[in-house]
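What follows is each chain in one-letter form.
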Amino acid sequence: MISRITRQGQDRSEFLVVLFLLALGVLVLVDAARLHSGVGQREPVGPQAVPFLVGGLLVVTAVLLARDILRGGHGEPEGGEDVDLSHGNDWQALLLLSAAFLANIALIERAGWPISGAVLFFGCAYALGSRHFVRDPIIALVLSIGTWYLFVLGLGIGLPVGILKGIL
Amino acid sequence: MGGLSELVGGFYTAVTPINLLYALIGVLLGTAIGVLPGIGPAMAIALLLPLTYGIDDPVSAFIMFAGIYYGGMYGGSTTSILLNTPGESASIVTAIEGNKMAKRGRAAQALATAAIGSFIAGTIGTLLVALLAPGIARLAVQLGSPDYFAVMVLAFVAVTSILGASRVRGFASLLIGLTIGLVGIDLGVSGQQRLTFGIPQLADGIDVIVVAVGLFAVGEALWVAAHLRRQTASLISTGRVRMERADWARSWKPWLRGTALGFPFGAVPAGGAELPTFLSYVTEKKLSKHPEEFGHGAIEGVAGPEATNNASAAGGLVPLLTLGLPTTATAAVLLAAFQQYGIQPGPRLLENEPKLVWGLLASLLIGNAILLVLNLPLAPMWAKLLHIPRPYLYAGILFFACLGAYAVNASTVDLILLFLIGVVGFVMRRYGLPVVPAIIGVILGPRAEVQMRRALQISDGDLSGLFNTTFSVTVYAVIAVLVLWPLVNRFVVRPRRQRRAPDGAERWPAADALPGEPAQDGERVWSVPEARTGDDATVDAPAARPLDSASLPDEPDPRQQEKP
Amino acid sequence: MTIVVGYVPKPEGRAAVRRGVAEALLRQEDLLVVNAARGDSYADAGFAPEEELAAVRAELERSGVRAEVRQLVRGVDPADEIMQAAATAAAKLIVIGIRHRTPVGKLILGSTAQRVLLEAGCPVLAVKAESEPA
């Protein structure tokens, strides 16, 4: 059960969303302001119409949301089969997951997908709690090499092979 | 009559070895994905969209996607019936009765009625699509830009106002999606860059795959990682999946009623599958000769909703194929798949790509049959997939997400965007912003803009150009009703109802509670994001009142399950 | 002074409970039956449903042994849970059920029994399903 106290605490952080929407809206409006109608052809509604509309609505929605939060409204964090909301965020898991993600980004073009993908899979599995240090790397490698073959040979989509060039 | 003759022609396309293979792959994947909670057909198709680069023939690709679309419906019921979760939390309507049946040793019958009902509903639904599509397409051809724009606005409004109870947040989510859709070169004559900030890779816009995968897959994985539930259950074992005569007798009418209920709802922008499934349950309970069994394992409670689910999925194909209008997140992703191949769904689709459409529909009929064969005897086997640990499932999701996002343009920029959008998805889930409107916004937004500008160009800038056909006016009237109804409710209906409660107790207006309302704090009754709000639309209390079970009306309600 | 039994709803697990009861009666000690699962997957064959646990509790009551049945789902490996329970209760003996697993099977699926046998801080009695008739 989410206690009233927690909920009020959470309410404050919900203003982050308001700020985000506001910032996004301003961004869109500023960017739209520098647009101009197409040269030559007179268009009744130029490229800046929708951005102005969207940006304006973003600001309006931010205000409405702030009003809603102040009136006690509350966006319920999404529940689900796999989600246990009784504790706070597991920051360690999130950081590890992000690290695995970024490792993939860094490695994919240098070391190739078969390696970076395996690192990604293993890292994610580890971040989520799996501690099988023999089984997991094997699964990871099978997946990354398998998908590499599938995409490059089966589908003709290019994936970098990196340092394994020649072997695969 | 209708498209039935073309449908027969479609079989020639569908029955080639290659397409049969793709159909088989599709339904296998779809069932597997349906069995595993946490992954849905929308996410799965989004993850597989990069394959379209390698599959040259769009017919084959769509046969596979459609197989996944339908297959997802079958697998889900297996899990909800056979997973013996401790406690009483039921999150989907079928789960209530089906699970109860299984706990009483009637798992085989529950599985059988679910599979057969799905097959019947899917087959009838697909046939209906074949019948109706040509007629609707012929009518739709007469529609012009203002009409299309109006229908898209309806889709926008519908998706924000039905999901969950907080329209403000749904709208915010839609706007986020529209903003992402804005990035890139303007499609009009000016050709200017919007929101690209000088980054060349953004000039083509952010690829739909990256957005869909980021919001659905990466966002979900991040969110789950932060709150990974450590809970497991046992699988209820079952014998041969079959039904007794009495079960057949009790099931066939719910199957047909469910189909009749689900198809229209699936075909309408405001529909979806949650509402008709719930309605089906309630209807079956009312019409049943054994109403006391409901809540303890009534077979009608499985037969009806299962059929509704599948019929709704089929119904969703009607607006998608004839108007290019998606009514669910999965349909939106399918729309994106069309765009990947440069195909413009709309009324001309049937003219321009008959092979695709009829081959697809024929393949769906075949796929349904394969699904029945796969699921009826093999459902307990599929359930074994539930032994896969969640870390592997989510690591797999992230793995395929990165794979797909990179394959789009062979660019790490896409991977960075994927991560950023994933973070946005995470934040959205944290603060109760539904994800589906964002996807609809990204996919439908640019198309809506094109239609609006074209309509205004035709009318030479006159705003009435958006309203100058009867069709568009009607649609806007419907939109007005949808938007204004909650306000009317608040200022007219509710005060009247309160006056009728002389005991002074503030009665919770259950009647206008949407099926998305949660029964318990934190508990999800439907698989839609919930939001409890002080939003004008649903609460008229001057002080914020946290929703707790004490203030809900006391009625035997299939949605209310106790959490131990 | 306790005897810890590692229980799973399978023949070897039930055999372990029976043997555990016998040992407890013999040594005049208490019994702690532990059913542990990581909770990583949606379904776990080692997770005992309510009905099974109730049956175990009933059997323990019939036997007259002072016993407690605990179900733990905490993201911890079952082997560790069993050994931790034994350590906390200062157990004299751990009883677990085993069945034959090929080396490859052990690699892929792991072996709780093997880990407990090798790492536990007290004697471990491993029983097979067939050796403990009901």
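It should be noted that the structure appears before, not after, this text.
What comes next concerns the included structure. Please read all numbers here as calculations on a predicted model, not as lab measurements. (Residues numbered from 1 in each chain as written. Chains lettered and ligands numbered in written order. Predicted model: local features only at pLDDT ≥ 70, side-chain atom pairs only at ≥ 80, totals over all residues. Heavy atoms only, no water.)

## Remarks on the overall build of chain C
(1) Moving on: Regarding its fold elements, chain C presents 5 helices and 5 strands.
(2) Moving on: For chain C, the α and β elements follow one another from N to C terminus as β-α-β-α-β-α-β-α-α-β.
(3) Moving on: Here the C-alpha atoms of chain C give a radius of gyration of 14 Å, agreeing with the 14 Å that 2.2 N^0.38 yields for 134 residues.
(4) Moving on: With respect to the principal axes defined by its C-alpha atoms, chain C has extents near 40 × 30 × 30 Å.
(5) Moving on: Residue burial in chain C is summarised as follows: out of 134 residues, 46% are buried.
(6) Moving on: Long-range pairs, those at least 24 residues apart, make up 77% of the contacts in chain C with a sequence separation of at least 6.
(7) Moving on: Here chain C holds 17 positive side-chain charges and 18 negative ones, and the gap between their average locations is 4 Å. (Helix = DSSP H or I, 4+ residues; strand = E, 2+ residues; numbered from the N terminus. Rg over C-alpha atoms; globule rule 2.2 N^0.38 Å. Buried < 20%, exposed > 50% of the residue type's maximum accessible area, 1.4 Å probe, protein only. Contact = heavy atoms within 4.5 Å. Lys, Arg positive; Asp, Glu negative; His and termini not counted. Charge placed at Lys NZ, Arg CZ, Asp CG, Glu CD.)

## Describing the overall build of chain B
(1) Moving on: Scanning chain B for helices and strands turns up 20 helices and 4 strands.
(2) Moving on: The 564 residues of chain B split such that 63% are buried.
(3) Moving on: Long-range pairs, those at least 24 residues apart, make up 79% of the contacts in chain B with a sequence separation of at least 6.

## Focus: the sheet that holds strand E1 (residues 2-6) of chain C
Residue and element names in this part refer to chain C.
(1) Moving on: Read across the sheet, 5 strands follow the order E3-E2-E1-E4-E5 without closing on themselves; strand pairing throughout is parallel. Since the sheet does not close on itself, it has two edges, and those belong to strand E3 (67-73) and strand E5 (124-128), each with one partner. Going from strand to strand, the sheet's axes swing by 20° on average, the running direction of each strand aside.
(2) Moving on: Bridge count between E1 and strand E2 (residues 30-37): 5 bridges; the pairing is parallel. By the bridge assignment for E2, Val4 is matched with Leu32.
(3) Moving on: On top of the sheet, helix H3 (residues 78-88) reaches E1, E2, E3 and strand E4 (93-98); it is set at about 155° to E2, its chief contact.
(4) Moving on: Each of E4 and E5 is contacted by helix H5 (residues 112-119), which is oriented at about 150° to E4, the strand it contacts most. (Pairing = 2+ DSSP bridges. Axes fitted to C-alpha atoms, helices over the stretch in contact; angles between N-to-C directions.)

## Things to note about the pattern of salt bridges
When the charged atoms of two side chains lie near each other, side chains of opposite charge can form a pair.
(1) Moving on: In this structure the tally under the stated criterion is 25 salt bridges over all chains.
(2) Moving on: With a closest N to O distance of 3.4 Å, Glu293 of chain B and Arg250 of chain B form a salt bridge. Here Glu293 of chain B is found in the loop between helix H11 (274-287) and helix H12 (300-315), whereas its partner Arg250 of chain B is found in helix H10 (residues 245-267), with 43 residues between them in sequence.
(3) Moving on: Two residues, Arg115 of chain C and Asp80 of chain C, come together in a salt bridge whose shortest N-O distance is 2.9 Å. One end of the pair, Arg115 of chain C, is in helix H5; the other, Asp80 of chain C, is in helix H3, and 35 residues separate them in sequence.
(4) Moving on: The class of Asp80 of chain C is partly exposed, set by a relative accessible area of 28%.
(5) Moving on: Several salt bridges share partner residues, and in doing so they unite Asp186, Arg194, Glu449 and Arg453 of chain B into one network. (Salt bridge = Lys/Arg side-chain N within 4 Å of Asp/Glu carboxyl O.)

## What to know about the packing of helix H9 (residues 208-226) of chain B against helix H17 (residues 390-409) of chain B
Residues and elements named next belong to chain B.
(1) Moving on: The N-to-C vectors of H9 and H17 enclose an angle of 155°; their axes lie 10 Å apart at closest approach. Judged on the interaxial angle alone, H17 and H9 are roughly antiparallel. Every pair of crossing elements has a handedness; the one defined by H9 and H17 is left-handed. Here Ile209, Val210, Val213, Ala217, Val218, Glu220, Ala221 and Val224 of H9 lie close against H17, whose contacting residues are Tyr394, Ile397, Leu398, Ala401, Ala405 and Val408.
(2) Moving on: Class assignment of the residues belonging to the contact of H9 with H17 gives a composition of 13 nonpolar, no polar and 1 charged. (Parallel < 35°, antiparallel > 145°, perpendicular 65-115°, else oblique. Left-handed = near helix turned anticlockwise from the far one by under 90°. Nonpolar A, V, L, I, M, F, W, Y, C, P; charged D, E, K, R; others polar.)

## Observations concerning the interface of chain A and chain B
(1) Moving on: Tallying the contact residues gives 87 residues for chain A and 86 residues for chain B.
(2) Moving on: Contact with chain B buries area across many residues of chain A, yet Glu78, Asp82 and Leu128 of chain A alone supply 10% of it, more than any other trio.
(3) Moving on: Between Glu14 of chain A and Arg169 of chain B there is a salt bridge, with the nearest N and O atoms lying 2.8 Å from each other.
(4) Moving on: On the surface where chain A and chain B come into contact, there are 11 residue pairs in polar contact (both at pLDDT 80 or more). (Buried area = accessible area lost by both parts, 1.4 Å probe. Polar contact = N/O pair within 3.5 Å; in protein donor to acceptor, adjacent residues only side chain to side chain.)

## Remarks on the environment of Gly72 of chain B
All names here are of chain B.
(1) Moving on: When you line up the elements, Gly72 lands in helix H4 (residues 58-82).
(2) Moving on: Looking at Gly72, the relative accessible area reads 12%, which means it is buried.
(3) Moving on: Setting aside chain neighbours within four positions, we find Gly72 in contact with Gly30, Thr31, Gly34 and Pro41.

## Considerations on the packing of aromatic side chains
(1) Moving on: Summed over the entire model, instances satisfying the criterion amount to 17 aromatic pairs over all chains.
(2) Moving on: Each ring, one from Phe101 of chain A and one from Phe419 of chain B, has its centre 5.1 Å from the other, and the planes form 40°; the classification is tilted. Here Phe419 of chain B lies in helix H18 (residues 412-430) and Phe101 of chain A lies in helix H3 (residues 91-107), a pairing that spans two chains. The exposure classification of Phe101 of chain A matches that of Phe419 of chain B, with both residues buried.
(3) Moving on: Lying over the aromatic face of Tyr126 of chain A, Arg131 of chain A brings its terminal NZ or CZ to 3.8 Å of the ring centre.
(4) Moving on: We note Arg390 of chain B situated over the ring of Tyr42 of chain C; from NZ or CZ to the ring centre the distance is 4.5 Å. (Phe/Tyr/Trp six-rings, centres within 6.5 Å; stacked < 30°, edge-to-face > 60°. Lys NZ or Arg CZ within 6 Å of the ring centre and 35° of its normal.)

## Some remarks on unusual backbone geometry
For residues that are not glycine, phi is negative in most cases, and the peptide bond is trans in most cases.
Residues and elements named next belong to chain C.
(1) Moving on: One non-glycine residue, Gln28, lies in the positive phi region at around 60°.
(2) Moving on: Mapped onto the elements of the fold, Gln28 is located in the loop between helix H1 (11-27) and E2.
(3) Moving on: Given the relative accessible area of 70%, Gln28 is considered exposed.
(4) Moving on: In this structure, Ala90 takes a positive phi of about 50° despite not being glycine.
(5) Moving on: By the secondary structure assignment, Ala90 is in the loop between H3 and E4.

## Some remarks on the interface of chain B and chain C
(1) Moving on: The interface is formed by 21 residues belonging to chain B together with 15 residues belonging to chain C.
(2) Moving on: Of the roughly 1400 Å² buried where chain B meets chain C, counting both sides, 56% is carbon and sulfur surface.
(3) Moving on: On the chain B side of the interface with chain C, the three residues burying the most area are Arg230, Thr232 and Arg390 of chain B, jointly 43% of the side's total.
(4) Moving on: Along the contact surface separating chain B from chain C lie 1 salt bridge.
(5) Moving on: The residue Arg230 of chain B makes a salt bridge to Asp40 of chain C at a minimum N-O spacing of 2.7 Å.
(6) Moving on: Counting every contact that joins chain B to chain C gives 11 residue pairs in polar contact (both at pLDDT 80 or more).
(7) Moving on: Contributions of two or more residues to the side of chain B that touches chain C are made by strand E1 (83-84), strand E4 (234-235) and H17 of chain B.
(8) Moving on: Examining the composition of the side of chain B that touches chain C, we find that 4 residues originate from one element, H17 of chain B, more than from any other.
(9) Moving on: Looking at side-chain class alone, the side of chain B that touches chain C contains 12 nonpolar, 6 polar and 3 charged residues.

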